[in-house]
Amino acid sequence: MLFYSFFKTLVGKEVVVELKNDVCLHGTLHSVDQYLNMTLHDTQVTDPDRFPHLIAVKNAFIRGSVVRYVQLPEDQVDTELLADASRKELLTSKK
């Protein structure tokens, strides 16, 4: 649940999602669920020459199991909050 909670704080932010099939999509994170499925709005493919069939895609639903990486804006990530949440989850899992 740590990552789910973390991604919920990024709703409305610009992200780049790299999929396991090498497609990279840039867009605004609209929603995320407990399986880390994501919905992106105002989507653009980062390499339109390689994936011209995705140029027309403006909104995308991405299944969490096909995500390789999510690139986040550095200034939007609260590393202290993430570190504290990681520690709390570790302590609760030991009990």
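Quick caveat: nothing in here was measured; it's all calculated off a predicted structure.

Scoring rules and cut-offs
- Residues numbered from 1 in each chain as written.
- Predicted model: local features only at pLDDT ≥ 70, side-chain atom pairs only at ≥ 80, totals over all residues.
- Heavy atoms only, no water.
- Core = buried A, V, L, I, M, F, W, Y, C linked by side-chain atoms within 4.5 Å.
- Buried < 20%, exposed > 50% of the residue type's maximum accessible area, 1.4 Å probe, protein only.
- Helix = DSSP H or I, 4+ residues; strand = E, 2+ residues; numbered from the N terminus.
- Contact = heavy atoms within 4.5 Å.
- UniProt positions renumbered as here; feature names shortened; annotations may be inferred.
- Polar contact = N/O pair within 3.5 Å; in protein donor to acceptor, adjacent residues only side chain to side chain.
- Salt bridge = Lys/Arg side-chain N within 4 Å of Asp/Glu carboxyl O.

1. Focus on the nonpolar core
As a rule of thumb, soluble globular proteins bury nonpolar side chains together. V17, V23, L25, L40 and I62 are the most contacted members of the largest nonpolar core, which totals 18 residues. Elements with a minimum of two residues in this core: α1 (2–8), β1 (14–19), β2 (24–32), β3 (38–45) and β4 (60–62). Excluding residues within four positions of it along the chain, I62 makes contact with V17, L19, L25, L36, N37, M38, L40 and V67.

2. Observations regarding the UniProt feature "domain: Sm" (unreviewed entry) in the protein
Using the residue numbers shown here, the UniProt feature "domain: Sm" (unreviewed entry) corresponds to residues 2–76. Helix makes up 9% of residues 2–76 and strand 41%, with an end-to-end C-alpha separation of 17 Å.

3. Let's talk about the environment of R68
Here R68 lies in strand β5 (residues 67–71). Assessed through its relative accessible area of 34%, R68 is described here as partly exposed. Sequence spacing of R68 and H26 is 42 residues, and the spatial spacing of their C-alpha atoms is 14 Å. Residues contacting R68, with those up to four places away along its chain left out, are E18, L19, K20 and D22. Within the local environment of R68, its side chain forms a polar contact with the backbone oxygen of K20, the two atoms lying 2.8 Å apart.

4. Digging into the environment of D22
By secondary structure assignment, the location of D22 is in the loop between β1 and β2. On the basis of relative accessible area, D22 is assigned to the partly exposed category, the value being 34%. For the pair D22 and L40, spaced 18 residues apart in the sequence, the C-alpha separation amounts to 17 Å. Once residues within four sequence positions are removed from consideration, D22 is found in contact with R50, F51 and R68.

5. Observations regarding the environment of L40
On the secondary structure map, L40 appears in strand β3. Considered as a pair, L40 and E74 are 34 residues apart in the sequence and their alpha carbons are 19 Å apart. Apart from residues no more than four positions distant in its own chain, L40 is found in contact with V15, V17, L25, G27, T28, L29, K58, N59, A60 and I62.

6. Details of the pattern of salt bridges
Should their charged atoms come close, side chains of opposite charge can pair. Overall, the coordinates contain 4 salt bridges when judged by the stated rule. A salt bridge links R68 to E18; its shortest N-O distance comes to 2.8 Å. Of this pair, R68 sits in strand β5 while E18 is found in strand β1, placing the two residues 50 residues apart along the sequence. Here D22 ties to R68 by a salt bridge, and the two come within 2.9 Å at their closest N and O atoms. Residue D22 is found in the loop between β1 and β2, and its partner R68 is found in strand β5; the two are separated by 46 residues along the sequence. Connected through shared salt-bridge partners, E18, D22, R50 and R68 make up one network.

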